[in-house]
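Chain by chain, the residues:
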Amino acid sequence: MGTRKRQAPPPAALGRAGTKKDLPDHFKSYRHVWVFIELERGQVHPVSFELLGEGRRLADQLGVQLAGVVLGPPADSTRHAVAEAFAYDADLVYLVEKPLLTDYRNEAFTKALTDLVNAYKPEILLLGATTLGRDLAGSVATTLLTGLTADCTGLDVDADGSLAATRPTFGGSLLCTIYTLNCRPQMATVRPRVMCMPQRSNKPTGRVIRHDLGMLEEEIVTKVVGFLSDGQSENANLAYADVVVAGGLGLGAADNLQLLKNLAQTIGGDYGCSRPLVQKGWMAADRQIGQTGKTIRPKLYIAAGISGAVQHRVGVEGADLIVAINTDPNAPIFDFANIGIVADAVSFLPALTEVFIRRLAPGNSSELR
Amino acid sequence: MHIVVCIKQVPDSAQIRVHPVTNTIMRQGVPTIINPYDLFALEEALKVRDLHGGEVTVLAMGPPMAEEALRKALTYGANRAVLLTDRHFAGSDTLATSFALSQAIAQIGNSFGVPDIVFTGKQTIDGDTAQVGPGIAKRLNLVQLTYVAKITSIDLSARSITVERLSEGGTQVLKSQLPCLITMLEGKTVIRRGSLDDALRAARSAIVKWSAAEAGIGDITKCGLRGSPTVVKRVFAPTPREKKAVQIDTTEKRVHDIAEEVVACIFTHQPTLQHELTSAGSV
Ligand SMILES: Cc1cc2nc3c(=O)[nH]c(=O)nc-3n(C[C@H](O)[C@H](O)[C@H](O)COP(=O)(O)OP(=O)(O)OC[C@H]3O[C@@H](n4cnc5c(N)ncnc54)[C@H](O)[C@@H]3O)c2cc1C
Ligand SMILES: Cc1cc2nc3c(=O)[nH]c(=O)nc-3n(C[C@H](O)[C@H](O)[C@H](O)COP(=O)(O)OP(=O)(O)OC[C@H]3O[C@@H](n4cnc5c(N)ncnc54)[C@H](O)[C@@H]3O)c2cc1C
């Protein structure tokens, strides 16, 4: 990441984010940017790295340090998570390592994280807007009586050093910027794939600050008695797929979904859909793309028979290349697609699949055609 | 068994339009509905009541017109409705909202029996934060069970509950204790049609209306704008993509030729893709 620029201290007269309210003195000791490293069943959720990328930028703007927070059992996976936090450019890591942090449970994680905040006082705390992150962020913010901005799509610091957290509203037709006044830390969640994945750095392991967790298993009411893996772990990867093919109501019938799947398989991608297909029961809910589904950021996104409603658009705008197939030349999707094809998806998808098969066959590179 | 279900009245966002020039939300004439996710919570609460007996109280915080949402909930079969309404609540963020709702739930406990389960929806379709459920749980010191897909069993004598909860990559099976707060996931079950009796009762029933003071809220500075650490400072329209789509000419061409052109265009835009797809695809 190279140079760390330090910003001049903000002019005091501006006040906080242009309001007249000043941060109470006891909050002025809150410094540095923290990212919660989400570790579940041995895996670090990639959203944590995306947040470290954002956190790095904010910390550099503020001229403060970036810390990762790792909560987990005494195990290799936890040590791996610590190493990964440094690899993604954290300056230090706060670590609580206890057997009762093996499975995620709200009670234990809330206590571990709030204790850390109270002891070391960060000014900004970022978490992934996953089921785990939202469950945790809500209780931590309430315990600390501070502000929490949900599902941010943009994070910045103002001249006076306050966090400007921007999130979509009314399904993405508008954006709003939210500040946390008079309270610390300023907390925000961000959905997976909304921010770019940063480069790994070759930074050596840094300082690890261990903290105790004054809690016994007997104090935790909730017990995990089982875990049913969704088995189709590739589903969980839709958000992280490099190539995604999705269908909408324009496909006309559930049978036509096979056309999507064929294309996805041909080009090694995953498939998804717009919300109405989930509501019709044509596809599983975890394949929905958009505001109330997954956010994707593939290199190639092919949308067939999708109108491009704003709630869908917000989930796909991070794609490098959007190809839209729609019979209606005025469909809103053509406003944000890169390549548009006014055609019947049902006849076009098989043709596209066929061409891909030929073009991608070994020894059949474009030069040879 | 006493169950409280929190429901929020929201604008039917499918019908919301943003004014193209002023970037303001055109609320006029937009109908309001019960937050769709809250109907799954209500249905689950009614199912639990079917099995274990007891009462379901629905609670909404909002302007006086939120009474409509509560009355609708009564037609589905809820026993009692409480509306928390006071101009002091205006401008509440999730911290202030969960404070007010938790105080009202405590007051419901005093007046009608302490709840064994508090339900909320997964999230709303307007504020859309999913933060109010956890906020209420923390403030009332209830066990917090979020993203619950299914209540597997409730043992009233042992005061235990087993649920399936969505987590990253699968489903956690959790065994916990009553009283608890459940944020209910949307499911396949649709809300029941209430009986004719319910409809008649809903029309007749008086809805309990509480001001902040009546809900037992002493410290008004924890409510509304004053009790909200977050403030919305700017509202603006997203910047449109500068370029419109490259339209592939599809007039009088064979679909196969169009496909050729599209694939060529994709590889021109993203030259690295050709290699990546070749190695990834199962051709
Ligand atoms: C609170 C809320 C949250 C929402 N969240 C999401 C979300 O997360 N994700 C989401 O996707 N939606 C979401 N929606 C719904 C969204 O508003 C749209 O209704 C939805 O995206 C439309 O889906 P669609 O494009 O498949 O269908 P439609 O809008 O009906 O579009 C179908 C398109 O197919 C085209 N078409 C018809 N026949 C053909 C053919 N033979 N070949 C090619 N094209 C054809 C039509 O021209 C049309 O453009 C949400 C809505 C609300 C209110
Ligand atoms: C555009 C916009 C963005 C916002 N962003 C934020 C933000 O980032 N952080 C923040 O703290 N606040 C935010 N707010 C304020 C927030 O929307 C309000 O506090 C709201 O009253 C509750 O939050 P929610 O709608 O997100 O509810 P959620 O937390 O999504 O609701 C979860 C469940 O809680 C229950 N519930 C919620 N509200 C009520 C109610 N009034 N009565 C009864 N039950 C209820 C319902 O069962 C609901 O399903 C925002 C508001 C707007 C308009």
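Residues numbered from 1 in each chain as written. Chains lettered and ligands numbered in written order. Predicted model: local features only at pLDDT ≥ 70, side-chain atom pairs only at ≥ 80, totals over all residues. Heavy atoms only, no water.

J.: How do you make sense of the overall build of chain B when you look at a structure like this?
T.: Along the backbone of chain B there are 7 helices and 15 strands. Within chain B, the proportion of its 283 residues that are buried is 50%. With the model as given, the accessible surface of chain B reaches about 13100 Å², and the carbon-plus-sulfur share is 54%. Of the side-chain charges in chain B, 31 are positive and 28 negative, and the distance between the mean point of each set is 5 Å. (Helix = DSSP H or I, 4+ residues; strand = E, 2+ residues; numbered from the N terminus. Buried < 20%, exposed > 50% of the residue type's maximum accessible area, 1.4 Å probe, protein only. Areas by Shrake-Rupley, 256 points an atom, 1.4 Å probe, with all protein chains shown as cover. Lys, Arg positive; Asp, Glu negative; His and termini not counted. Charge placed at Lys NZ, Arg CZ, Asp CG, Glu CD.)

J.: Would you mind showing me how to read the site of ligand 1 here?
T.: If you check the shell around ligand 1, you find 27 residues, and the closest are A:S274, A:T292, A:S307, A:Q311 and A:N326. One chain alone does not account for the residues near ligand 1; they come from chains A and B. Here A:R275 contributes a backbone N or O atom positioned 3.1 Å from an oxygen atom of ligand 1. A:T327 is positioned with one of its backbone polar atoms (N or O) 3.3 Å from a nitrogen atom of ligand 1. Mapped by element, the contributors of at least two residues to the shell around ligand 1 are α7 (275-279), α8 (310-316) and β17 (321-326) of chain A. For the shell around ligand 1, the residue count by class is 9 nonpolar, 15 polar and 3 charged. (Near = heavy atom within 4 Å. Polar contact = N/O pair within 3.5 Å; in protein donor to acceptor, adjacent residues only side chain to side chain. Nonpolar A, V, L, I, M, F, W, Y, C, P; charged D, E, K, R; others polar.)

J.: Sorry, what's going on with the domain arrangement of chain A here?
T.: Many analyses report the size of an interface as the accessible area lost when the parts associate. All names here are of chain A. Splitting chain A by domain gives domain 1 (4-219) and domain 2 (233-359). In this complex, domain 1 contributes 14 residues to the contact, which on the side of domain 2 involves 12 residues. Between domain 1 and domain 2, roughly 1000 Å² of surface is buried when both sides are summed, and carbon and sulfur atoms account for 48% of that area. If you look at where domain 1 meets domain 2, you find 0 salt bridges. Inspection of the region where domain 1 meets domain 2 yields 9 residue pairs in polar contact (both at pLDDT 80 or more). Grouping the amino acids of the side of domain 1 that touches domain 2 by side-chain chemistry returns 7 nonpolar, 4 polar and 3 charged. (Domains from an automatic or database assignment. Contact = heavy atoms within 4.5 Å. Buried area = accessible area lost by both parts, 1.4 Å probe. Salt bridge = Lys/Arg side-chain N within 4 Å of Asp/Glu carboxyl O.)

J.: Can you walk me through the interface of chain B and chain A in this structure?
T.: In this assembly, 77 residues from chain B lie in contact with 91 residues from chain A. The junction of chain B with chain A conceals about 7300 Å² of combined surface from both sides, 58% of it contributed by carbon and sulfur atoms. Joining chain B to chain A, the criterion identifies 3 salt bridges. One salt bridge in this structure joins B:E260 and A:R358, with 2.1 Å as the shortest N-O distance. The interface formed by chain B and chain A holds 31 residue pairs in polar contact (both at pLDDT 80 or more) in total.

J.: Help me understand the pairing of strand β9 (residues 163-169) of chain A, please; the structure alone is not making it clear to me.
T.: Put simply, side chains in a regular strand alternate between the two faces of the sheet. Residues and elements named next belong to chain A. Judged by how many residues are buried, β9 sits mostly within the fold: 6 of 7 residues are covered. The pairing of strand β8 (residues 154-157) with β9 spans 4 bridges and is antiparallel. By the bridge assignment, G154 is partnered in β9 with T166. In this sheet, strand β10 (residues 174-180) lies alongside β9 in antiparallel orientation, the contact comprising 5 bridges. Across the sheet, T169 pairs through a bridge with L174, a residue of β10. As consecutive antiparallel partners, β9 and β10 are separated by 4 residues, and within that stretch F170 has a phi angle of approximately 45 degrees, a positive value. (Pairing = 2+ DSSP bridges.)

J.: Would you mind showing me how to read the nonpolar core here?
T.: Most often, soluble globular proteins have nonpolar side chains that are buried together. Counting 41 residues, the largest nonpolar core has A:I267, A:I302, A:I341, A:F356 and B:I266 as its most contacted members. Ranked by the residues each element gives to this core, the list is headed by helix α9 (residues 345-360) of chain A, at 8 residues. The contact partners of A:I341, leaving out residues within four places of it in the chain, are A:V323, A:A324, A:I325, A:N326, A:F334, A:F348, B:Q247, B:I248, B:T250, B:I258 and B:V262. (Core = buried A, V, L, I, M, F, W, Y, C linked by side-chain atoms within 4.5 Å.)

J.: Would you mind going over the domain arrangement of chain B with me for this structure?
T.: The domain architecture assigned to chain B consists of domain 1 (2-222) and domain 2 (241-283). Computed from C-alpha atoms alone, the centre-to-centre distance between domain 1 of chain B and domain 2 of chain B is 48 Å.

J.: Would you mind showing me how to read the pattern of salt bridges here?
T.: Side chains bearing opposite charge may pair, as long as their charged atoms lie close to each other. Residues and elements named next belong to chain A. Applying the stated criterion across every chain, the model contains 34 salt bridges over all chains. With a closest N to O distance of 2.9 Å, E217 and K223 form a salt bridge. By relative accessible area, E217 is classed as partly exposed at 29%. Among the charged side chains, a salt-bridge network with shared partners connects R56, D60, D89, D91 and K203.

J.: How should the state of the cysteines be read in this particular structure?
T.: What is meant by a disulfide is a covalent connection between two cysteines, made through their sulfur atoms. Counted by the stated rule, this structure contains 0 disulfides over all chains. A:C152 carries a free sulfur, and the closest cysteine sulfur to it, the one in A:C176, is 9.0 Å from it. The exposure class of A:C152 is buried, given its relative accessible area of 1%. B:C6 takes part in no disulfide bond, and the closest cysteine sulfur, belonging to B:C180, lies 13 Å away. (Disulfide = S-S within 2.5 Å.)

J.: What should I look at first to understand the site of ligand 2 in this one?
T.: Around ligand 2, the surrounding shell holds 31 residues, and the nearest of these are A:R167, B:K8, B:D38, B:T94 and B:T129. Between ligand 2 and B:S92, the relevant distance is 2.9 Å, taken from an oxygen atom to a main-chain nitrogen or oxygen of the residue. Residue B:A130 places a main-chain N or O atom 2.9 Å away from an oxygen atom belonging to ligand 2. Protein coverage of the free-state accessible area of ligand 2, which is 930 Å², stands at 90%. Where the shell around ligand 2 is concerned, the elements lending two or more residues are β7 (148-149) and β9 of chain A together with β6 (55-61), α3 (94-112) and β8 (117-121) of chain B. Here the residues of the shell around ligand 2 are counted per class, giving 11 nonpolar, 14 polar and 6 charged.

J.: I keep staring at the packing of helix α3 (residues 106-120) of chain A against helix α4 (residues 131-144) of chain A and nothing clicks. Help me out?
T.: In helix packing, the relevant descriptors are the interaxial angle and the interaxial distance, both defined with respect to the helix axes. All names here are of chain A. Relative orientation of the contacting elements α3 and α4 amounts to 50 degrees, with a least axis distance of 9 Å. With respect to α4, the axis of α3 lies oblique. Considering the relative orientation of α3 and α4, their crossing is right-handed. The segment α3 lies against α4, with N106, F109, T110, L113, T114, V117 and N118 engaging D135, L136, S139, V140, T143 and L144. Taken together, the residues that form the contact of α3 with α4 break down as 6 nonpolar, 6 polar and 1 charged. (Axes fitted to C-alpha atoms, helices over the stretch in contact; angles between N-to-C directions. Parallel < 35°, antiparallel > 145°, perpendicular 65-115°, else oblique. Left-handed = near helix turned anticlockwise from the far one by under 90°.)

J.: For this particular structure, what's the right way to read α4(A)?
T.: An α-helix turns once every 3.6 residues. As a result, residues three or four positions apart point the same way. Residue and element names in this part refer to chain A. In a regular helix each residue adds 1.5 Å, so 14 residues correspond to 20 Å; α4 covers 20 Å between its end C-alpha atoms and thus fits that length. For α4, the buried fraction is high: 13 of the 14 residues fall into the buried class. Count one or two residues on from α4 and you reach L145, which has phi positive near 55 degrees. (Expected span 1.5 Å × (residues − 1).)

J.: Before we go on, may I ask you to explain the pairing of β8(B) in this structure?
T.: Residues and elements named next belong to chain B. Summarising burial for β8: 5 of the 5 residues are buried, a large majority. Across the two faces of β8 the burial is the same, with I117, F119 and G121 and V118 and T120 all buried. As paired elements, strand β1 (residues 2-6) and β8 share 3 bridges and run parallel to each other. Paired with I3 across the two strands is I117, which belongs to β8. In the sheet, β8 pairs with strand β12 (residues 180-184) via 5 bridges, with the strands oriented parallel. The partner of T120 across the bridge, within β12, is T183.

J.: What am I meant to see in the sheet that holds strand β18 (residues 339-342) of chain A here?
T.: The strands making up a sheet are joined through hydrogen bonds of the backbone, oriented either antiparallel or parallel. Read across the sheet, 6 strands follow the order β15(A)-β14(A)-β16(A)-β17(A)-β18(A)-β15(B) without closing on themselves; strand pairing throughout is parallel. What marks the edges here is a single partner per strand, and that holds for β15 (270-273) of chain A together with β15 (246-248) of chain B. Neighbouring strand axes in the sheet, compared pairwise and without regard to direction, differ in orientation by 20 degrees on average. For strand β14 (residues 243-247) of chain A and strand β16 (residues 300-304) of chain A, the ladder comprises 5 bridges, and the chain directions are parallel. Across the sheet, the residue bridging to A:V244 is A:Y301, located in β16(A).

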